[in-house]
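Here is how the chains run, residue by residue.
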Amino acid sequence: MVAAKYIVGNWKLHGSVQENAVRFAALKAGCQPGDTLAVCVPFPYLAQAQQALQGSAIGWGAQNVSEHAKGAFTGEVSAAMLADFGCGCVIVGHSERRSLYGEDDATVARKAQAVAEAGMMPIVCVGETLSERECGDTAQVVTRQLAAVLADASEELKRGLVVAYEPVWAIGSGRAASEEDVREVHALLRGQLEQAGVIGARLLYGGSVKASNAGTLLNVVNVDGALVGGASLDAEEFLAIAQAARA
Ligand code: PEP
């Protein structure tokens, strides 16, 4: 049996209680049997996600986590707290975290480990910037980012790992990577995962995925789903991506 494509929404810094209520209701109404959907919402809306999505098949999670378990880290949220709350997944190492908040490969690896140890699914983002791509460094950058996560990965992490290839230049630009680019990078990442003994990890593509290109991108070999930013804020569009995944 072919596993369903995993479609994850990243709401980023968007939403309000009122807006979210409408979006959650639409997602719940439109989700079809067999869909594997999840939304990663801002921390204050986790409670709302928990309540609104109860009884539905739609998963929900966070967009970031602390690498620390507890202590004097004002403003941080630990993996255990998220798990305690019922989160199923956490995005780790999004390019916005790496570029705007200085998260390096080692920090991302510690966060992924913390998420897995708490029993949740880490969605680890990797991807090259435009200048790295133009220098021909795409393969080197994404394999370095993934290698850091695999280096001391526990069995829990290896079992639950999801990797999202998100070329930085494709995020929010309206310009998704080409099928050829996605095929090439995903094959590379799959090989690296298998070499590290990580079999069956899900590989998502992210970067300007929308209903009109989802079918093509999701059909590429080794693409097990999509991480969707902007388009996940429009429930109809997000559900159309889910429909493309079904097709
Ligand atoms: C993202 O932020 O993870 C993302 C993929 O954004 P977008 O779909 O808007 O390019």
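For the structure given in this document, a descriptive report is provided here. (Residues numbered from 1 in each chain as written. Predicted model: local features only at pLDDT ≥ 70, side-chain atom pairs only at ≥ 80, totals over all residues. Heavy atoms only, no water.)

## Comments concerning the site of the ligand
Part 1 of the reasoning: Near the ligand you find 14 residues, and of these K12, E166, G172, S208 and G229 are the closest.
Part 2 of the reasoning: A distance of 2.8 Å separates an oxygen atom of the ligand from a polar atom in the side chain of H94.
Part 3 of the reasoning: Between G230 and the ligand, the recorded distance is 2.8 Å, taken from a backbone N or O atom to an oxygen atom.
Part 4 of the reasoning: Contact with the protein chains covers 96% of the free accessible surface of the ligand, which is 290 Å². (Near = heavy atom within 4 Å. Polar contact = N/O pair within 3.5 Å; in protein donor to acceptor, adjacent residues only side chain to side chain. Areas by Shrake-Rupley, 256 points an atom, 1.4 Å probe, with all protein chains shown as cover.)

## A look at the packing of helix 1 (residues 17–30) against helix 11 (residues 235–246)
Part 1 of the reasoning: Two numbers describe how helix 1 lies on helix 11: the axes approach to 9 Å, and their chain directions differ by 30°. Relative to helix 11, the element helix 1 is oriented roughly parallel. Considering the relative orientation of helix 1 and helix 11, their crossing is right-handed. Contacts between helix 1 and helix 11 pair R23, A26, L27 and G30 from the former with A235, F238 and L239 from the latter.
Part 2 of the reasoning: For the contact of helix 1 with helix 11, the per-class residue count stands at five nonpolar, one polar and one charged. (Axes fitted to C-alpha atoms, helices over the stretch in contact; angles between N-to-C directions. Helix = DSSP H or I, 4+ residues; strand = E, 2+ residues; numbered from the N terminus. Parallel < 35°, antiparallel > 145°, perpendicular 65-115°, else oblique. Left-handed = near helix turned anticlockwise from the far one by under 90°. Contact = heavy atoms within 4.5 Å. Nonpolar A, V, L, I, M, F, W, Y, C, P; charged D, E, K, R; others polar.)

## A few points about helix 7 (residues 138–151)
Part 1 of the reasoning: For helix 7, with 14 residues, the first-to-last C-alpha span of 20 Å sits near the 20 Å given by 1.5 Å per residue.
Part 2 of the reasoning: Along helix 7, the positions that sit buried rather than exposed are T138, V141, V142, Q145, L146, V149 and L150. Axial view of helix 7: buried residues confined to an arc of 165°, hence all on one face. (Expected span 1.5 Å × (residues − 1). Buried < 20%, exposed > 50% of the residue type's maximum accessible area, 1.4 Å probe, protein only. Arc of directions from axis to C-beta.)

## Section: the pattern of salt bridges
Part 1 of the reasoning: Under the criterion given, the structure shown has 11 salt bridges.
Part 2 of the reasoning: Here R23 ties to E19 by a salt bridge, and the two come within 3.2 Å at their closest N and O atoms. With R23 and E19 both in helix 1 and four residues apart, the pair spans about one turn of that helix.
Part 3 of the reasoning: Its relative accessible area of 8% is what places R23 among the buried residues.
Part 4 of the reasoning: With a relative accessible area of 41%, E19 lands in the partly exposed category.
Part 5 of the reasoning: Across the pair R246 and D35 runs a salt bridge whose closest N-O atoms are separated by 2.8 Å. Remark: D35 occurs in the loop between helix 1 and strand 2 (36–40) and R246 occurs in helix 11; sequence separation between them is 211 residues.
Part 6 of the reasoning: Its relative accessible area of 40% is what places R246 among the partly exposed residues. (Salt bridge = Lys/Arg side-chain N within 4 Å of Asp/Glu carboxyl O.)

## Some points on the nonpolar core
Part 1 of the reasoning: Among the nonpolar cores identified, the biggest contains 66 residues, and I7, V39, L189, L193 and Y205 are the most heavily contacted of them.
Part 2 of the reasoning: For this core, the element with the highest residue contribution is helix 11, accounting for seven residues.
Part 3 of the reasoning: A38, C40, I91 and L204 belong to the second-largest nonpolar core, a separate cluster that totals 12 residues. (Core = buried A, V, L, I, M, F, W, Y, C linked by side-chain atoms within 4.5 Å.)

## Some points on the environment of L82
Part 1 of the reasoning: Relative to the helices and strands, L82 is located in helix 3 (residues 79–85).
Part 2 of the reasoning: Judged by its relative accessible area of 3%, L82 falls in the buried class.
Part 3 of the reasoning: Spatially, the C-alpha atom of L82 lies 8.7 Å from that of M120, the residues being 38 residues apart in sequence.
Part 4 of the reasoning: With sequence-adjacent residues up to four places away left out, L82 is seen in contact with F43, L46, A62, N64, V65, V77, C87, V90 and M120.

## Structural notes on the packing of aromatic side chains
Part 1 of the reasoning: This model, assessed by the stated rule, comprises three aromatic pairs.
Part 2 of the reasoning: Here the aromatic rings of W60 and F85 are separated by 6.4 Å at their centres, their planes lie at 85°, and the arrangement is edge-to-face. Taken together, the residues span a long stretch of sequence, with W60 in strand 3 (residues 59–62) and F85 in helix 3 at a distance of 25 residues.
Part 3 of the reasoning: Over the ring of W11 we find R23; its NZ or CZ atom is 4.4 Å from the centre of that ring.
Part 4 of the reasoning: Sitting above the plane of the Y6 ring, R202 keeps its charged end 4.5 Å from the centroid. (Phe/Tyr/Trp six-rings, centres within 6.5 Å; stacked < 30°, edge-to-face > 60°. Lys NZ or Arg CZ within 6 Å of the ring centre and 35° of its normal.)

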